[in-house]
Amino acid sequence: MSADKALSWAYCEDAVVEDDVLRRARERAAQLGCQAVLPGAGAVLRLLAAASRARAVVEVGTGTGVASLYLLRGMPEDGVLTSIDVEVEHQRAARAAFGEAGIRPARTRMISGRAQDVLPRLTDAAYDLVLVDADPEGTPDHVEQAVRLLRPGGVLAVDDALWGDRVADPARRDPATTTMREVVRSVLADERLVPALVTSGDGLLLAARR
């Protein structure tokens, strides 16, 4: 990447102004050791939720609620976010962020458990947007489940799709990078989807369900 391109990326990230609620949620993420979605990616998620008027959203990987807040702020007031995380402490922190943001409890459905166990129990073609923001190891299965859950026109979003800029480097062959690279390839080639790879944040792999 040229110096100018790197500067442009940083400019786009810095253009997103986060309020105190988001900043505190980000601080909790650092304290608990979980990676929060970057501001540029968060802004794109909020835009997608708003543009699609997403009333039923699934999030794989609650963290401390940073991405959740962006999604909820883009969704209509009657929209419901179903968020899945195996770490109860993370979800407790996310609930604190939702309370600070004045989000009604009825707008969130928090499920504590492994996504590979929870996702198969959700209804086919019933969701407007699915965000996969979890460890790479489970991402291929999560993405396949997400496609099943999406209604026609629904949107898939995979965060960290560039995995610290390692996915674009063919010399990087560690398991996490290889897995994310294969996820990108499979989504781009999936005839059920209309895909795009966006460089915001640490990369967002996006696709609309045909």
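An account of the accompanying structure is given in this report. Within each chain, residues carry numbers counting from 1 in the order of the written sequence. It should be noted that, the model being predicted, local features are given only for residues of pLDDT at least 70 and side-chain atom pairs only at 80 or more, the latter also being counted only at that level, while totals for whole chains, interfaces and linings use all residues. Calculated side-chain values reflect all of the structure's heavy atoms, with hydrogen atoms and water omitted.

A short note on the pattern of salt bridges
Then, number 1: Throughout this description, the term salt bridge denotes a Lys or Arg side-chain nitrogen within 4 Å of a carboxyl oxygen of Asp or Glu. Within the structure shown, the criterion is met by 13 salt bridges.
Then, number 2: For Arg 26, the salt bridge identified is with Glu 18, shortest N-O distance 2.7 Å.
Then, number 3: Given a relative accessible area of 22%, Arg 26 falls into the partly exposed group.
Then, number 4: Close ionic contact of Glu 182 with Arg 185 constitutes a salt bridge, the shortest N to O distance being 2.7 Å. One end of the pair, Glu 182, and the other, Arg 185, are both in helix 8 (residues 175–189), 3 residues apart, so they sit about a helical turn from each other.
Then, number 5: Given a relative accessible area of 40%, Glu 182 falls into the partly exposed group.
Then, number 6: Accessible area is worked out with a 1.4 Å probe on protein chains only. A residue is then buried under 20% of its type maximum, exposed over 50%, and partly exposed in between. Since its relative accessible area comes to 48%, Arg 185 is described here as partly exposed.
Then, number 7: The network of salt bridges with common partners includes Arg 24, Arg 28 and Glu 100. Helix numbering and strand numbering both begin at the N terminus, where a helix is a DSSP run of H or I of at least 4 residues and a strand a DSSP run of E of at least 2.

Comments concerning the environment of Val 158
Then, number 1: Residue placement: Val 158 occurs in strand 5 (residues 150–159).
Then, number 2: Relative accessible area serves as the criterion here: at 1%, Val 158 is assigned to the buried category.
Then, number 3: The spatial distance from the C-alpha of Val 158 to the C-alpha of Leu 197 is 9.5 Å, given a sequence separation of 39 residues.
Then, number 4: Apart from residues no more than four positions distant in its own chain, Val 158 is found in contact with Val 132, Thr 139, Val 143, Met 180, Gly 203, Leu 204 and Leu 205. Any two residues whose heavy atoms approach within 4.5 Å are treated as being in contact.

Considering the layout of surface pockets
Then, number 1: Any residue with an atom within 4 Å of a point lines the site, the site being either a cavity, points on a 1 Å grid over the protein atoms alone where a 1.4 Å probe fits but cannot get out, or a pocket, an open set with protein on both sides within 12 Å along at least 5 of 7 lines. Grid points are joined across faces, edges and corners, and a volume is the space filled by probe spheres set on the points. Considered as a void within the structure, the largest pocket measures approximately 710 Å³ in volume.
Then, number 2: Looking at the largest pocket, it is lined by 31 residues, and the ones nearest its centre are Gly 61, Asp 85, Asp 133, Ala 134 and Asp 135.
Then, number 3: Among the elements of the structure, helix 4 (66–74), strand 2 (80–85), helix 6 (115–118) and helix 7 (139–149) are those that each provide at least two residues to the lining of the largest pocket.
Then, number 4: Residues were grouped as follows: Ala, Val, Leu, Ile, Met, Phe, Trp, Tyr, Cys and Pro as nonpolar; Asp, Glu, Lys and Arg as charged; and all remaining residues, including Gly, as polar. Within the lining of the largest pocket, the residues separate by chemical class into 11 nonpolar, 12 polar and 8 charged.

Remarks on the packing of helix 2 (residues 20–32) against helix 5 (residues 88–100)
Then, number 1: All axes are obtained by fitting lines to C-alpha atoms, using only the stretch in contact for helices, and the reported angles, taken between N-to-C directions, cover 0 to 180 degrees. At a minimum axis separation of 9 Å, helix 2 and helix 5 run at an interaxial angle of 170°. Taken together, the axes of helix 2 and helix 5 lie roughly antiparallel to each other. Taken as a pair, helix 2 and helix 5 cross one another with a handedness that is right-handed. Residue-level inspection shows Val 21, Arg 24, Ala 25, Arg 28 and Leu 32 of helix 2 in contact with helix 5, the latter providing Glu 89, His 90, Ala 93, Ala 96, Ala 97 and Glu 100.
Then, number 2: Looking at the contact of helix 2 with helix 5 residue by residue, the classes come out as 6 nonpolar, 1 polar and 4 charged. Here is the rule for angles: anything less than 35 degrees is roughly parallel, anything more than 145 is roughly antiparallel, 65 through 115 is roughly perpendicular, and the remaining ranges are oblique. For any pair of crossing helices, the crossing counts as left-handed if the nearer helix is rotated counterclockwise from the farther one by less than a right angle, and right-handed if it is rotated clockwise.

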